[in-house]
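Read off the chains here:
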Amino acid sequence: MNTMISLPKLKIPPQLEGELDIARIRADFPILQQRVHGRPLVYLDNAATTQKPRQVIEAVARYYNEDNANVHRGVHTLSMRATESYENARRTVQRFIGAEHPEEIIFTRGATEAINLVAQAYARPRLRSGDEILISAMEHHSNIVPWQMVCEQTGARLRVIPINDAGELLMDEYASLITPRTRLVAVVHLSNALGTINPLKRIIELAHARNVPVLVDAAQSAAHLPIEVNELDCDFLAFSGHKLYGPTGIGVLYGRKEILAEMPPYQGGGDMILSVRFERTIYNELPYKFEAGTPNIAGAVGLAAAIDYIERIGRENIAAYENRLLDEAIRKLSDIRELKFIGTAAERAAVLSFILEDIHPHDIGTILDGEGIAIRTGHHCAQPVMERLSVPATARASLAFYNTTEEIDVLVQGIRRVLKVLG
Ligand code: 7TS
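Treat the numbers as computed from the prediction; the structure is a model and nothing was measured. The numbers attached to residues start from 1 for each chain and follow its sequence in the written order. Side-chain atom pairs in this predicted model are given and counted only at pLDDT of 80 or more, local residue features only at pLDDT of at least 70, and totals for whole chains, interfaces and linings cover all residues. Heavy atoms throughout the structure, all of them, feed into the side-chain values; hydrogens and water do not.

Undergrad: How would you sum up unusual backbone geometry? Please name residues and give values.
TA: Outside of glycine, negative phi angles account for most residues, and trans bonds account for most peptide bonds. Omega for the bond connecting Leu 286 with Pro 287 falls within 30 degrees of zero, at -5°, which places this linkage in the cis form. Locating Pro 287 in the fold gives a position in the loop between strand E13 (281–283) and helix H11 (297–313). Even without being glycine, Asp 271 reaches a positive phi, approximately 75°. For Ala 350, which is not glycine, the phi torsion reads 65° and is therefore positive. You can see Ala 350 is positioned in the loop between strand E14 (339–341) and strand E15 (351–356). Look at Ala 350 and you get buried, because its relative accessible area is 4%. Helix numbers and strand numbers start at the N terminus; a helix is a DSSP run of H or I with at least 4 residues, a strand a run of E with at least 2. For every residue, the accessible area (1.4 Å probe, protein chains only) is compared with the maximum for its type, and the residue is labelled buried under 20%, exposed over 50%, or partly exposed between those bounds.

Undergrad: Please provide a residue-by-residue account of the pattern of salt bridges, values included.
TA: Salt-bridge detection follows one rule: a side-chain nitrogen of Lys or Arg within 4 Å of a carboxyl oxygen of Asp or Glu. One pass over the full model with this rule turns up 25 salt bridges. The salt bridge partner of Glu 132 is Arg 181, with a shortest N-O separation of 3.2 Å. One end of the pair, Glu 132, is in strand E6 (residues 132–136); the other, Arg 181, is in the loop between helix H7 (171–177) and strand E8 (182–188), and 49 residues separate them in sequence. The class for Glu 132 is buried, based on a relative accessible area of 1%. Across the salt bridge formed by Lys 332 and Glu 328, the nearest N and O atoms sit 2.8 Å from each other. Taken as a pair, Lys 332 and Glu 328 lie in helix H12 (residues 315–334) at a separation of four residues, close to a single helical turn. Neither residue differs from the other here; Lys 332 and Glu 328 are each classed as buried. One continuous salt-bridge network, built from bridges that share partners, spans Glu 132, Arg 157, Arg 159 and Arg 181.

Undergrad: Could you give an account of the packing of H11 against H12, with specific residues and numbers?
TA: Describing two packed helices takes the angle between their axes plus the distance from one axis to the other. Every axis in this analysis is a line fitted to C-alpha atoms, fitted for helices over the stretch in contact. Angles between the N-to-C directions lie between 0 and 180 degrees. Relative to each other, H11 and H12 sit at 75°, their axes nearing to 5 Å. Relative to H12, the element H11 lies roughly perpendicular. Across the interface between the two elements, Ile 310, Glu 311 and Ile 313 from H11 touch Arg 315, Asn 317 and Ile 318 from H12. All residues other than Ala, Val, Leu, Ile, Met, Phe, Trp, Tyr, Cys, Pro, Asp, Glu, Lys and Arg, Gly among them, are scored as polar; the first ten of these are nonpolar and the last four charged. Grouping the amino acids of the contact of H11 with H12 by side-chain chemistry returns three nonpolar, one polar and two charged. Orientation labels follow simple angle bins: below 35 degrees gives roughly parallel, above 145 gives roughly antiparallel, 65 to 115 gives roughly perpendicular, and whatever is left gives oblique. Residue contacts are counted whenever heavy atoms from the two residues lie within 4.5 Å of one another.

Undergrad: Hey, could you go over the site of the ligand for me, with residue numbers and the actual values?
TA: In these notes, residues near a molecule or strand are those with any non-hydrogen atom within 4 Å of it. Surrounding the ligand, one finds 16 residues, the nearest of these being Thr 112, Asp 217, Ser 240, Arg 376 and Arg 396. Here an oxygen atom of the ligand sits 2.6 Å away from a polar atom, N or O, in the side chain of Thr 112. Separating an oxygen atom of the ligand from a side-chain N or O atom of His 242 is a distance of 2.7 Å. Throughout, the Shrake-Rupley method with a 1.4 Å probe supplies accessible areas, and for residues the shown protein chains are the sole cover considered. When the ligand is considered free in solution it has 490 Å² of accessible area, and contact with the protein chains removes 88% of it. Pairs of N or O atoms within 3.5 Å make up the polar contacts considered here, provided that, within protein, one atom can donate a hydrogen while the other can accept it, and that residues adjacent in sequence are counted only when both atoms are side-chain atoms.

Undergrad: I'd like a description of the side chain of Gln 51, backed by residues and values.
TA: Along the chain, the position of Gln 51 falls in the loop between strand E4 (42–43) and helix H3 (54–67). Note on Gln 51: relative accessible area 11%, which makes it buried. Once residues within four sequence positions are removed from consideration, Gln 51 is found in contact with Phe 29, Ile 31, Leu 32, Tyr 43, Asn 46, Tyr 245 and Tyr 402.

Undergrad: I'd love a proper account of the sheet that holds strand E7 (residues 157–161), names of residues and values included.
TA: Strands are treated as partners if at least two bridges between them are detected by DSSP. Spatial ordering of the open sheet is given by E5-E11-E10-E9-E8-E6-E7, a layout of seven strands whose pairing is mixed. The sheet is open, and its two edges are formed by strand E5 (105–108) and E7, each paired on a single side. Each strand axis lies, on average, 20° off the axis of its neighbour in the sheet, ignoring direction. Across four bridges, E5 lies against strand E11 (residues 251–255) in antiparallel orientation. Pairing of Phe 107 across the sheet is with Val 252, part of E11.

Undergrad: Help me get a handle on the environment of Ala 395, residues and values and all.
TA: Here Ala 395 shows up in strand E18 (residues 394–398). In this structure Ala 395 comes out as buried when scored by relative accessible area, which is 0%. Sequence-wise, Ala 395 and Ala 345 are 50 residues apart; in three dimensions their C-alpha atoms are separated by 17 Å.

Undergrad: Mind laying out the domain arrangement of the protein, listing which residues take part and the relevant values?
TA: One can read the domain layout of the protein as domain 1 (14–33 + 314–422) and domain 2 (57–311). At the junction of the two partners, domain 1 supplies 35 residues and domain 2 supplies 31 residues. Buried area: the sum, over both parts, of the accessible surface (1.4 Å probe) that disappears when the two are put together. Three residues stand out in domain 1 for area buried against domain 2, namely Arg 315, Cys 381 and Arg 388, and they jointly supply 24% of the buried area on that side. Taken together, domain 1 and domain 2 are joined by one salt bridge. Linking domain 1 with domain 2 are 18 residue pairs in polar contact (both at pLDDT 80 or more). Contributing elements (two or more residues each) for the side of domain 1 that touches domain 2: H12, E15 and helix H14 (383–388). In terms of residues, the side of domain 1 that touches domain 2 owes the most to one element, H14, which gives five residues. Of the residues in the side of domain 1 that touches domain 2, the class split is 21 nonpolar, seven polar and seven charged. Domain start and stop positions are those given by an automatic or database domain assignment.

In structure tokens, the structure reads:
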């Protein structure tokens, strides 16, 4: 039962609030103003998807109410407006990740499609039997399976950078896994299952020293960590709009212009061509070569509105606030004797994965839901890392800047209740 209510003004300690006015921020998120099972909703499943501020919802509604038309093909006013909004969204993303050229931004369905695009249009034509793709032991399935598929198609081999028990990459092992056979390194920036922040700069330096390009899975990090593709010097970067306070069904592949230019298209159809004859088709230029068919125009508009919203609050303010919240959560959860964190890397952000003695994570999630608390339980689409750390599943609370210390307290009380009921 979901009932809209008006919540009392939040009490947030000034030292935690810092530069952010969390009560005002929360007022921008209509979905947070409700009760679930009679309790105020405590949404801690932000790694799965984030909630959307009304600025995003309104931008999407405004687009459909006022500008909707197809892009890149009409001379009429609405089509020109839709095209302008779509291309402005590309420039917003370009600025957000510090890319040099707007045509380095390819709109996709999400991080998953972006990675599949690189696997099929970059890796597949280049890979030969015996070549190697290097990923890490903490990847999400969407940065594993596309590489397994391309290995099957080409006879290439998947190699895996191991991790320690805390969930940190073994960098010496990484260095020795880059060999003359390595064709691509694909690693996650911020692990969705453990919260580990990987040392991207070093990872990329080591790969580039051997002329190996690097793809960064920024699905989680885009919402929490600064990303400057030029400074990182990565070759590809993928993320999803819906984990960044934007709509579902829109995501981004960044690719270095020289590399994208050499790649064949991923899919064929309208918009990705300059001319089509039965004898010969000439492909369109970047970025359109990789955007076959009518794109998710409203999604791009919504994503740009989400980025504008985040930038107005300030990415550094967000990161500082979330870090304080994470520290506070770790401190409070550490007081629960029966709780064991899964993932204790020195560099972490936004994700708290844990188990409670012999209690199945699914039961933890169900009891917490009864208290209005949304967390995720399971393997988090990262089965290999669960196996590596010898757990079938975890409970995962993941943070966003609209979460509060009060909500952390509610989570702690909820977990104590789980222990009382099932412990
Ligand atoms: N990479 C990482 C690190 C992710 O966490 C996810 C989604 C993806 C890629 C795929 O993103 P998509 O938007 O294309 O699906 N992670 C999660 C999660 O942790 N819970 O639900 C989805």
